[in-house]
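Listed here are the chains, written in short residue letters.
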Amino acid sequence: MSNKFQEYKQLDLSQINKDVLKRWQEDDTFHKSISTREGHPTFVFYEGPPSANGMPGIHHVMARAIKDIFCRYKTMKGFRVHRKAGWDTHGLPVELSVEKALNITKEDIGLKISVEEYNNACRKEVMKYTREWEELTRIMGYWVNMDDPYVTYDNRYIETVWWLLKQIYNKGLMYKGYTIQPYSPAAGTGLSSHEINQPGSYRDVKDTTAVAQFKAIRNSKSEFLFEGTDTDVSFLAWTTTPWTLPSNTALCVGPGIKYVRVKSFNPYTGIPATLILAKDLFSVHFNPKNAELDFDEYKPGDKNIPYKITGEYKGTELAGIQYEQLIEWVKPKGKAFEVITGDFVTTEDGTGIVHIAPTFGADDDRVAKQNGISPLIVVDKEGKNQALVDKTGRFFLVQNMAEEFVTENVNLEKYEEFAGRYVKNEYDEQLTEKDNTVDVDISVMLKLENKAFKIEKHTHSYPHCWRTDKPILYYPLDSWFIKTTAVKDKMVELNNTINWKPQSTGTGRFGNWLENLVDWNLSRSRFWGTPLPIWRTEDDSEEICIGSIEELMVEIEKSLKTGFMTNNPYEGFKVGNNSKENYDKADLHKPYVDNIVLVSASGQKMFRESDLIDVWFDSGSMPYAQRHFPFENLEIFNEVFPADFIAEGVDQTRGWFFTLHAIATMIDESVAFKNIISNGLVLDKNGNKMSKRLGNAVDPFETIENYGSDPLRWYMITNSQPWDNLKFDISGVEEVRRKFFGTLYNTYNFFALYANVDGFCFAENEIPVEKRPEIDRWIISLLNSLVKEVSWCYENYEPTRAGRAISDFVSENLSNWFVRLSRKRYWGGEFTEDKISAYQTLYTCLATVAKLMAPIAPFYADLLYSNLNKVTQKELDQSVHLADFPTYNAELIDKDLEEKMDIAQKASSMILALRRKEKLKVRQPLAKIIVPVLNARLHEQFEAIKNIVLTEVRNLEN
RNA sequence: AGUCUCGUAGCUCAGUUGGUUAGAGCGCUACACUGAUAAUGUAGAGGUCCCCAGUUCAACUCUGGGCGGGACUACCA
């Protein structure tokens, strides 16, 4: 133990980083920060699991610095902080990088490579950069508990996920439905949006488009539309895919869009007509030159058709009006042929009225569901609902429909001409580009029936299947859903109790998302992920949802007895033994689960529904699954749920934030987290997104090696609010190093230099603050104000303001004013009361700053703290991170004194400016200074600091 | 296209409930200090507070509408 304060020749934060890390490791400081808080109240933090299949970037330092700050702060506040690390391991990015590495595609899986081999490759791939991640975690000083991280591919983790799914299933919140997805009839497979977004997928094609007339039904609801008319009234809707018109069940208008009623004639038949379309698009369909034409002179076939606007309506007024089915092939079941409203409707093209075929458009499907509109479906021989177009891309064959359905719902006379025809010529090998398409034939049919207003060729961009080069269809495919809409109100209500930073993300982006909630589509047709634990009979009449391995074992036993299975793939697994070794015996991944055939209550075979679940369900399950709840840790669960705090990028709003919230709401009717920071992105210094491709990504390892992680963290936190984007500029890190750390280091070195000369080691009794000189009382007052402010900032998840306040205090007040004005108090002379006071005051400031800054800059703070306490033994905690966070003493805050000194600083500055203006050298003493005082109070205040100002501006030493 | 977010000095950012002449740091220019010295301090120049309209005695601040950057979501007749 030395009685000298350590002095430094230079500030090397990179070396300090290494030295402090070494000490933390030797002293096991992290674990002590937990064990010394045993029995204290807990603070629960959830780590959003990163995926280790990519290298960590500089933005991870940002996100993790935020997380670390509050965990360290709460530790210093005496809480026992839970912060279990984890890894997100499933999902598409992993699969894609494996496919790239092995040079295979999704279609090759099961052919060129077995599912088992493929999944093993994924398992390796996903942990590829584990070491780098762990190293970054270490060197940046992110304290998270890596002892026993949760891993989403661990069978114990999956078991909890299954348990959660079963809870949701048992609440009746899970169902099998369909979603409209890109589908390639030529390849017979669904395509992911990722596949559609590949270059070359969208191609310009020339299609026949139709503006069709949908005849309104006259009744009390629509009467106003017929006022003063002597013809039918029809809605005009445009489509680029006329083959979807037979599946139309609704028309959609924009609620705020203005529509007009136009009296005119059908251009093909010459029959008088009254038509409804958007006002903005009116002139596209009616030539303004024809406005003056005489109706009486019009003859069918004339090119110029007279027209007259006879009414104007808002979209909302049209809602609810019914119309006649356009093409009467198949009768829909339930509500249909009604005008509804949708926000997505625009007046950019078409007529401002959108034809809705819920089976062939994602928007259509959604808006139809919201309005209770039925899709147009046919029933097949097995009694299943199907779209009017089958999976090979042709109109459903009559012989494949259920007989009863045909008799009751199908107009054979009209439909037979089209049944079996492919909706795109590309799907039919017999046809070429020259043959008439279904689109054309339907258009011709509509013309003859006086239902077509305008038929024309139109070039537009349409997605194609990258494998077959043929156009894709948007098509309803089977999917499993969680009925989140059923718990929407609860989710909204719970969300209102969450403290969002910034608030706007909670009420805005997240709140709006909840308001417009749709059911959660769980299904993913991939290979590497958590399998859906549902087994079904082939006729779909019986099903079972499995919620644990124990349940599955029981079902397998039954199946073995029936003879459906011959051996138990999980033989040797011991229920109740939660060790990793035991759970390695029961792999719940594909292909193993797919080989399990169960037996239904009525003795039929049950096969697993082949889907995997959305990986977001994995990560949203982590509050439960990280503890293998409820199979383990039942007793402590309430201590670690819900989280007090989480923090991730704002891009997680619809991802992790949502799934955590949804699952906790459904399972426990609770929030999953109470406070949340959603941070912005880290961009390069020009405001562009960082990417390896552009070569503007900043390497965190290199940066930390060069500068140490303290200035990096400090820069990232104090430069902009966490929720604003950060334009990362390395010169900013350098600036922080010089400006803040350099100043603090200098201040400490100044203290150490003289304290060592005088042999000061804070052995003397503390001089009561009221007995200290004014300048000491001033900085102590400011220090207490600072403690108050910084505490408030940390408590309220405002790290930026905390850092800026500390930085201001250190460089402006402590170094530039207090130390500068007090320098001579430390020089030579006797070891007087005043000198002791000067040392004690400066010491207290430094020691307190060390603690205040510790959450943000854990390395230098710890060095400063221990350098001070090693000599004085004032505080016995081994590390600043084990110390208690400072509290402020309101009695030591003297606002009047702070104000006075503020006047002194301002006055000095003004006088120096005047000197400059008058070209008076600082060394030249001033004869007099005249200061106007506005009132008695200012006069009194000025008197008190007169000497300080005089010394400062005349630069006299005495 | 929708939702959210940002737009203040060359750069990075403050700017509290509307209130005189809009601030800080960096950078730049000049100077001072030489007992914290490969440190430090001071001053100066530098702004149409993105644009337009409205509310108000008064708008960087509030309201509406644009424009531009970014993120997320959606790909549509």
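Residues numbered from 1 in each chain as written. Chains lettered and ligands numbered in written order. Predicted model: local features only at pLDDT ≥ 70, side-chain atom pairs only at ≥ 80, totals over all residues.

**Some points on the overall build of chain A**
Summing up its helical and strand segments, chain A has 31 helices and 30 strands in all. For chain A, the spread of C-alpha atoms along the three principal axes comes to 115 × 85 × 45 Å. Taking the contacts inside chain A whose residues are at least 6 apart along the sequence as the reference set, 77% of them involve residues at least 24 apart. (Helix = DSSP H or I, 4+ residues; strand = E, 2+ residues; numbered from the N terminus. Contact = placed C-beta atoms within 7 Å.)

**Quick notes on the sheet that holds strand E27 (residues 643-649)**
Within the open sheet, the three strands sit side by side as E19-E28-E27. Their pairing is parallel. In the strand order of this sheet, the two ends are held by strand E19 (499-501) and E27, each with one partner. If you compare each strand with its neighbour and ignore which way they point, the axes differ by 15° on average. Relative to strand E28 (residues 673-679), E19 is paired through three bridges, and the arrangement is parallel. Across the sheet, residue Asn499 finds its bridge partner in E28, namely Asn675. Those strands touched by helix H3 (residues 58-76) are E27 and E28, and its axis lies near 165° from that of E27. (Pairing = 2+ DSSP bridges. Axes fitted to C-alpha atoms, helices over the stretch in contact; angles between N-to-C directions.)

**Looking at the confidence of the model for chain A**
One rule of thumb: low pLDDT means the predicted coordinates there are not for detailed reading. On average, residues of chain A carry a pLDDT of 88, and 94% of them reach 70 or more. As scored by the predictor, the complex reaches a pTM of 0.86 and an ipTM of 0.90. (pLDDT = per-residue confidence, 0-100.)

**Considering helix H29 (residues 858-872)**
Every α-helix carries 3.6 residues per turn, so stepping three or four residues along brings you back to the same face. In this model H29 runs 21 Å from its N-terminal to its C-terminal C-alpha over 15 residues, within 8% of the 21 Å that 1.5 Å per residue would give. The buried fraction of H29 is high, at 12 of 15 residues. Of all the residues in H29, the buried ones are Pro858, Phe859, Tyr860, Ala861, Asp862, Leu863, Leu864, Tyr865, Asn867, Leu868, Asn869 and Val871. Against the buried residues of H29 lie helix H1 (13-27), H3, helix H24 (709-719), helix H25 (730-758) and helix H28 (833-853). (Expected span 1.5 Å × (residues − 1). Buried ≥ 20, exposed ≤ 12 C-beta atoms within 10 Å, placed from the backbone.)

**Overview of the domain arrangement of chain A**
Interface size is commonly expressed as the accessible surface area that is lost when the partners come together. Segmentation of chain A into domains returns domain 1 (1-22 + 697-893), domain 2 (190-475), domain 3 (533-610) and domain 4 (899-958). Here domain 2 and domain 3 have C-alpha centroids that lie 48 Å from each other. (Domains from an automatic or database assignment.)

**Topic: unusual backbone geometry**
Along the chain, Lys501 connects to Pro502 via a cis peptide bond; the corresponding omega equals -5°. Within the element layout of this structure, Pro502 appears in the loop between E19 and helix H17 (503-515). Between Phe629 and the following residue, Pro630, the backbone shows a cis peptide bond with an omega angle of 0°. A positive phi angle is found at Phe337, which is not glycine, with a value near 60°. In this structure Phe337 comes out as buried when scored by C-beta crowding, with 20 C-beta atoms within 10 Å. Unlike most non-glycine residues, His628 shows phi in positive territory, near 55°.

**Description of the protein's contact with RNA strand B**
In the vicinity of RNA strand B lie 61 residues, with Thr239, Val354, Ser504, Gly508 and Trp827 positioned nearest. Looking at the surface near RNA strand B, the elements with two or more residues in it are strand E8 (233-239), strand E14 (353-356), helix H12 (362-370), H17, strand E30 (726-727), H25, helix H27 (799-826) and helix H30 (895-917). The dominant element in the surface near RNA strand B, judged by the number of residues it contributes, is H25, at 10 residues. Looking at side-chain class alone, the surface near RNA strand B contains 16 nonpolar, 27 polar and 18 charged residues. (Near = placed C-beta within 6 Å. Nonpolar A, V, L, I, M, F, W, Y, C, P; charged D, E, K, R; others polar.)

**Things to note about the packing of helix H26 (residues 774-795) against H28**
Across the interface, H26 lies against H28 with an axial gap of 10 Å and an inter-helix angle of 10°. On the basis of their axis angle, the class for H26 and H28 is roughly parallel. Handedness of the H26/H28 crossing: left-handed. Side by side, H26 and H28 meet where Asp776, Ile779, Ile780, Leu783, Leu786, Val787 and Val790 of the first sit next to Ser837, Ala838, Thr841, Cys845, Thr848 and Leu852 of the second. For the contact of H26 with H28, the residue count by class is nine nonpolar, three polar and one charged. (Parallel < 35°, antiparallel > 145°, perpendicular 65-115°, else oblique. Left-handed = near helix turned anticlockwise from the far one by under 90°.)

**Comments concerning the pairing of E8**
Taken across its seven residues, E8 has seven buried, putting it largely inside the fold. Here E8 shows two buried faces, one formed by Val233, Phe235, Ala237 and Thr239 and the other by Ser234, Leu236 and Trp238. Of the strand pairs in this sheet, strand E7 (residues 202-215) and E8 are connected by six bridges, and their pairing is antiparallel. Counted as the bridge partner of Gln213 is Leu236 from E8. Across three bridges, E8 lies against strand E11 (residues 272-278) in parallel orientation. Bridging across to E11, Val233 finds its partner in Thr274.

**Digging into the sheet that holds strand E24 (residues 598-599)**
Taken together, the four strands give an open sheet; going across it, the order is E23-E22-E25-E24, and neighbouring strands pair in antiparallel fashion. Of all the strands in the sheet, just strand E23 (543-545) and E24 have a single pairing partner and so form its edges. Strand direction decides the pairing type here: strand E22 (residues 534-537) and E23, joined by three bridges, are antiparallel. Across the sheet, the residue bridging to Arg536 is Glu543, located in E23.

**So, H25**
With 29 residues, H25 ought to run about 42 Å at 1.5 Å a step, and its terminal C-alpha atoms sit 41 Å apart, in line with that. Remark: the principal bend of H25, roughly 35°, maps to Gly742. (Bend = angle between axes of the 7 residues up to and from the residue.)

**As for the nonpolar core**
Among the nonpolar cores identified, the biggest contains 176 residues, and Ile806, Leu846 and Ala850 are the most heavily contacted of them. Look past the residues within four positions of Leu846 in its chain and what remains in contact with it is Thr747, Tyr748, Phe751, Leu864 and Leu868. One finds Leu275, Ile327, Phe337 and Ile373 within the second-largest nonpolar core, a separate group that totals 77 residues. (Core = buried A, V, L, I, M, F, W, Y, C linked by C-beta atoms within 7 Å.)

**Comments concerning the packing of H28 against H29**
The N-to-C vectors of H28 and H29 enclose an angle of 145°; their axes lie 8 Å apart at closest approach. Every pair of crossing elements has a handedness; the one defined by H28 and H29 is left-handed. For the pair H28 and H29, the contacting residues are Tyr843, Leu846, Ala847, Ala850, Lys851 and Met853 in the first and Ala861, Leu864, Tyr865 and Leu868 in the second. Its residues assigned to classes, the contact of H28 with H29 comprises nine nonpolar, no polar and one charged.

**Some thoughts on the pairing of strand E25 (residues 605-608)**
As judged from the three bridges shared by E22 and E25, these two strands associate in the antiparallel manner. In the sheet register, Arg536 faces E25, and the bridge partner there is Phe607. The pairing of E24 with E25 spans two bridges and is antiparallel. Bridge pairing in E25 links Leu598 to Met606. Between E24 and the antiparallel strand that follows it, E25, lie five residues; Gly603 among them carries a positive phi value of about 90°.

**Comments concerning the environment of Gly256**
By secondary structure assignment, the location of Gly256 is in the loop between strand E9 (250-253) and strand E10 (258-265). Sequence spacing of Gly256 and Glu317 is 61 residues, and the spatial spacing of their C-alpha atoms is 9.8 Å.

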